Amino acid sequence: CTHFRYGGYLTGNTTSAMPEHSAKRKLDALELGDMPPGFRKMKWSRKLAVVEARCLPLTPGTIERGMWVRVKPCCETVKKLCRGDGDGDETRDYAVGWEQGMDDTVGRPFQVGVVSRAHRKSPVVGLSVNNGLVAIAGGRFPTYGWFFPLEALEHV
């Protein structure tokens, strides 16, 4: 019988661990905030996986070019991290700096353009921002945005 060989009833029901309506119900109960482009077009189970990744901290090993991250929502904390203000000498790191246009990025998601580990204990992440003034990635068509320390970012 070819029914079971080419995607019949038994093979069709083993693809997803959670039904889409259950994932939708869980997402409706959560506060999502700003999400990256394309989030509306994802399946409900994929959306839930993205949202559940928020509880995991960003580490130097998990950050990579092309992924979406959110700048932390507390503006004063982000400013302090960018300026390199720390409590002691052991927590201080090379300052990234804070510019006037960086206020607009707080709490919003952006795509990672570059990850730099030069002159710092933890990586500096260049985010692709439309009104950014710093060239974060070169090439034929340079990408502009802002640099942030890894500690100032979180999962989307």
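Residues numbered from 1 in each chain as written. Predicted model: local features only at pLDDT ≥ 70, side-chain atom pairs only at ≥ 80, totals over all residues. Heavy atoms only, no water.

Here we take up the pairing of strand β2 (residues 109-116). As paired strands, strand β1 (residues 68-71) and β2 are joined by 3 bridges and run antiparallel to one another. Across the sheet, residue W68 finds its bridge partner in β2, namely Q111. Sheet topology places β2 next to strand β3 (residues 124-128); 5 bridges connect them, and they run antiparallel. By the bridge assignment for β3, V115 is matched with V125. (Pairing = 2+ DSSP bridges. Helix = DSSP H or I, 4+ residues; strand = E, 2+ residues; numbered from the N terminus.)

Tracing the sequence through the fold places K79 in helix α4 (residues 75-83). In this structure, K79 is buried with no salt-bridge partner, the nearest side chain bearing the opposite charge being E76 at 4.2 Å. Dropping the residues within four chain positions of it, K79 is found in contact with W98 and D103. (Buried < 20%, exposed > 50% of the residue type's maximum accessible area, 1.4 Å probe, protein only. Lys, Arg positive; Asp, Glu negative; His and termini not counted. Salt bridge = Lys/Arg side-chain N within 4 Å of Asp/Glu carboxyl O. Contact = heavy atoms within 4.5 Å.)

Before going further, it helps to spend a moment on the environment of E20. Summarising the element assignment, E20 is placed in helix α2 (residues 20-28). A relative accessible area of 29% places E20 in the partly exposed class. Residues E20 and R46 lie 26 residues apart in sequence; the distance between their C-alpha atoms is 9.3 Å. Apart from the residues within four sequence positions on either side, E20 is in contact with K43, W44 and S45.

Pairing geometry for β3 and strand β5 (residues 143-149), over 5 bridges, is antiparallel. Each residue of the ladder has a partner; that of G126, found in β5, is F147. Bridge count for strand β4 (residues 134-137) against β5 is 3 bridges, and the pairing is antiparallel. Paired with A135 across the bridge in β5 is Y144.

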